[in-house]
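# Examination of the molecular architecture
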Amino acid sequence: KNMVILYRQNANGIGREFLQCQIEAVVSFSETRRDLPELLRKMPKHEMRGEPLVRSRFRRILVEPESHPYFQKVWYFRHTLDQSSPLLQRSVRREVAQLDGKWPTHRCSSPEDIRLAFRENILAINITFTGVSNLTADSAFATKKYKMQVKEMI
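Starting afresh in each chain, residues are numbered from 1 along the sequence in its written order. For a predicted model such as this one, the threshold for reporting local features is a pLDDT of at least 70, and the threshold for listing and counting side-chain atom pairs is 80 or more; totals across whole chains, interfaces and linings nevertheless cover every residue. Remark: hydrogens and water are excluded; side-chain values derive from all non-hydrogen atoms of the structure.

Under the DSSP-based scheme used, a helix requires at least four consecutive residues in state H or I and a strand at least two consecutive residues in state E, with every element numbered from the N terminus. A count of helices and strands for the protein gives 4 helices and 7 strands. Going from N to C terminus, the protein has its helices and strands arranged as β-β-α-β-β-β-α-α-β-β-α. Type-normalised accessible area, obtained with a 1.4 Å probe on protein chains alone, sets the label of each residue: buried when under 20%, exposed when over 50%, and partly exposed for intermediate values. Within the protein, buried positions represent 32% of all 154 residues. Long-range pairs, those at least 24 residues apart, make up 64% of the contacts in the protein with a sequence separation of at least 6. Taken as a whole, the protein presents about 10500 Å² of accessible surface, with 51% of it coming from carbon and sulfur. Should any heavy atoms of two residues lie within 4.5 Å, those residues are counted as being in contact. Surface accessibility follows the Shrake-Rupley procedure with a 1.4 Å probe radius. Residue values consider only the protein chains on display as shielding.

Quick look at the structure:
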């Protein structure tokens, strides 16, 4: 399990808390167009300038806890790397599912083994925070984008 921490600087003081907070995480992937071979064959090179050859795909990541009733300064949340995690390669998810949620021993004997289990086309993880200011009762919204390189994830 990986742990992520949401931390607010200058959060000390009465009224600087947030109520009814929600966190949502989305991962973006780069994906080569499935119709790329056909597109390359049919279109002249000068007409392809406006056509994207790589697309971005997005999938929601389940994090727990998704909500926090009274966020003051630090919020710990995590994503479980299991058979439903979009961060893992399909073959790894299949192996984990066959072992009832346990990781195969050859996949977790070293940090490098775990890195190899991640999908290579991860671009970023986007965290979205929403809540209500305890001071003004206004809605609060923030996003943070973590550009990913699998080598740096663990």
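Along the chain, Asn126 turns up in strand E6 (residues 122-133). C-alpha separation for the pair Asn126 and Phe58, spaced 68 residues apart in sequence, amounts to 9.9 Å. Those residues in contact with Asn126 that sit more than four places away from it in its chain are Glu24, Ala25, Val26, Ser28, Lys144 and Lys145.

Take the packing of aromatic side chains next. Planes of paired rings set the category: under 30 degrees apart is stacked, over 60 is edge-to-face and the rest tilted, where pairs are Phe, Tyr or Trp rings (Trp by its six-membered ring) whose centres lie within 6.5 Å. Following the criterion strictly, the structure yields 5 aromatic pairs and no others. Judged by centre distance (5.6 Å) and plane angle (85°), the ring pair of Phe18 and Phe129 falls under edge-to-face. In this pair, Phe18 sits in strand E2 (residues 18-32) while Phe129 sits in strand E6, placing the two residues 111 residues apart along the sequence. Each member of the pair, Phe18 as well as Phe129, is classed as buried. Plain terms: the ring middles of Trp75 and Phe129 are 6.3 Å apart, the flat faces sit at 80° to each other, and that makes the pair edge-to-face.

Below, the discussion takes up the confidence of the model for the protein. Reading fine detail from the predicted coordinates is not recommended where pLDDT is low. Per-residue confidence from the predictor is reported as pLDDT, a score between 0 and 100. A residue-level look at the protein finds 71% of positions with pLDDT of 70 or above and a mean pLDDT of 79. Averaged pLDDT values over the elements of the protein bottom out at 48 in strand E1 (residues 2-7) and peak at 92 in helix H2 (residues 90-98). Overall, residues 1-5 carries pLDDT values under 50, and its contacts beyond four positions in sequence, including any with other chains, amount to 18 contacts.

The subject of this paragraph is the side chain of Ser28. Relative to the helices and strands, Ser28 resides in strand E2. Excluding residues within four positions of it along the chain, Ser28 makes contact with Arg57, Phe58, Asn121, Ile122, Leu123, Ala124 and Asn126.

Quick look at the pattern of salt bridges now. The term salt bridge refers to a pairing of a side-chain nitrogen on Lys or Arg with a carboxyl oxygen on Asp or Glu at a separation within 4 Å. Applying the stated criterion to the full structure yields 4 salt bridges. With a shortest N-O distance of 2.7 Å, Arg107 and Glu95 are connected by a salt bridge. Of this pair, Arg107 sits in the loop between H2 and helix H3 (111-117) while Glu95 is found in helix H2, placing the two residues 12 residues apart along the sequence. Just as Arg107 is buried, Glu95 falls in that class too.

Let us now look at the side chain of Arg93. Residue placement: Arg93 occurs in helix H2. Among buried charged residues, Arg93 stands out as having no salt bridge; its nearest opposite-charge side chain is Asp82, 7.9 Å away. Polar contacts, as counted here, are pairs of nitrogen or oxygen atoms within 3.5 Å of one another; within protein the pair requires one atom able to donate a hydrogen and one able to accept it, and residues that are adjacent in sequence qualify only if both atoms are side-chain atoms. Within the local environment of Arg93, its side chain forms a polar contact with the backbone oxygen of Leu88, the two atoms lying 2.7 Å apart. Ignoring anything within four residues of it in the chain, the contact list for Arg93 reads Asp82, Gln83, Ser84, Ser85, Pro86, Leu88 and Arg119. Under the convention used here, Asp and Glu are negative, Lys and Arg are positive, and both His and the chain ends fall outside the count.

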